[in-house]
Amino acid sequence: IILVAPIVVFFYLPFFRRLEVRTAYEYLERRFNLGARLFGSLTFILFQLGRMGIVLYLPARALSTWDEGVEVVTEHGVDFFRGFMARDAARQHTIDGDLDVALSLFEPAIDAFHQAGNVPQLIITLASVPVLLDRVGRSEAAVTLHAAMVQLPASTDHVPELADLGDGLASRFGGRIDDPVAA
């Protein structure tokens, strides 16, 4: 971009400015005809619709890949990865996907880390749950769990959205929410 910017500024912009055109479509109409302008507009609209389709498809595909990964590690008894895959898939669903799926994925994640005795990962997983609780309309439960989780440094270090959630909950509930006794 840095290399192209001077070319655009010193050559392209002055050229189009002298022609007194405001849009590329206006230039197409002047240079060719109305048909060229309409064709340019139509192709741009079709391009944008195709781009939107891709932009909407890719996150859905990524989420389904996470879900498939959870199924594979569960089916093959790879318990070490089951908790990680389930938690990460649940977090992705919490942000961009199906909240019911997110809720169902947190259960095997918590179970896997609990059975393995992996307390740090269990803390990170539990710290991810308040965001889901808030999204499903259980703000009071989100406040309670948030207040407990922010007391543990691993929570805030590994779940960056916890701080934003805390700010949002504090503004809705008016006051400090990081005290587990007050929550």
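Residues numbered from 1 in each chain as written. Predicted model: local features only at pLDDT ≥ 70, side-chain atom pairs only at ≥ 80, totals over all residues. Heavy atoms only, no water.

## What about the nonpolar core?
Right, on to step 1. With 17 residues, the main nonpolar core has Val70, Leu105, Phe106, Leu132 and Leu169 as its most contacted residues.
Right, on to step 2. Listed by contribution, the elements that provide at least two residues to this core are helix H4 (79-96), helix H5 (99-116), helix H6 (119-135), helix H7 (139-149) and helix H9 (161-173).
Right, on to step 3. With five residues, H5 is the single largest residue contributor to this core.
Right, on to step 4. In this structure, Ala127, Met149, Val159 and Leu162 belong to the second largest nonpolar core, which totals six residues. (Core = buried A, V, L, I, M, F, W, Y, C linked by side-chain atoms within 4.5 Å. Buried < 20%, exposed > 50% of the residue type's maximum accessible area, 1.4 Å probe, protein only. Helix = DSSP H or I, 4+ residues; strand = E, 2+ residues; numbered from the N terminus.)

## Describing the side chain of serine 155
Right, on to step 1. Position of serine 155 among the secondary structure elements: in helix H8 (residues 153-158).
Right, on to step 2. Discounting chain neighbours no more than four positions away, the residues touching serine 155 are Ile123, Ala127, Met149 and Leu162. (Contact = heavy atoms within 4.5 Å.)

## Considerations on the packing of H7 against H9
Working note: a packed helix pair is described by the angle between its axes plus the distance between those axes.
Right, on to step 1. Look at H7 against H9: their axes get within 10 Å of each other, and the N-to-C directions meet at 130 degrees. One element, H7, and the other, H9, form an angle in the oblique class. H9 is crossed by H7, and the crossing has left-handed handedness. Across the interface between the two elements, Ser139, Glu140, Ala142, Val143, His146 and Met149 of H7 pack against Leu162, Leu165, Gly166, Leu169, Arg172 and Phe173 of H9. (Axes fitted to C-alpha atoms, helices over the stretch in contact; angles between N-to-C directions. Parallel < 35°, antiparallel > 145°, perpendicular 65-115°, else oblique. Left-handed = near helix turned anticlockwise from the far one by under 90°.)

## Remarks on the side chain of aspartate 134
Right, on to step 1. Take aspartate 134: it is sitting in helix H6.
Right, on to step 2. In this structure aspartate 134 comes out as buried when scored by relative accessible area, which is 17%.
Right, on to step 3. Side chain to side chain, aspartate 134 and serine 139 meet in a polar contact 3.0 Å long.
Right, on to step 4. Those residues in contact with aspartate 134 that lie beyond four places of it in its chain are Ser139, Ala142, Leu165, Leu169 and Arg172. (Polar contact = N/O pair within 3.5 Å; in protein donor to acceptor, adjacent residues only side chain to side chain.)

These figures capture arrangement, not role.
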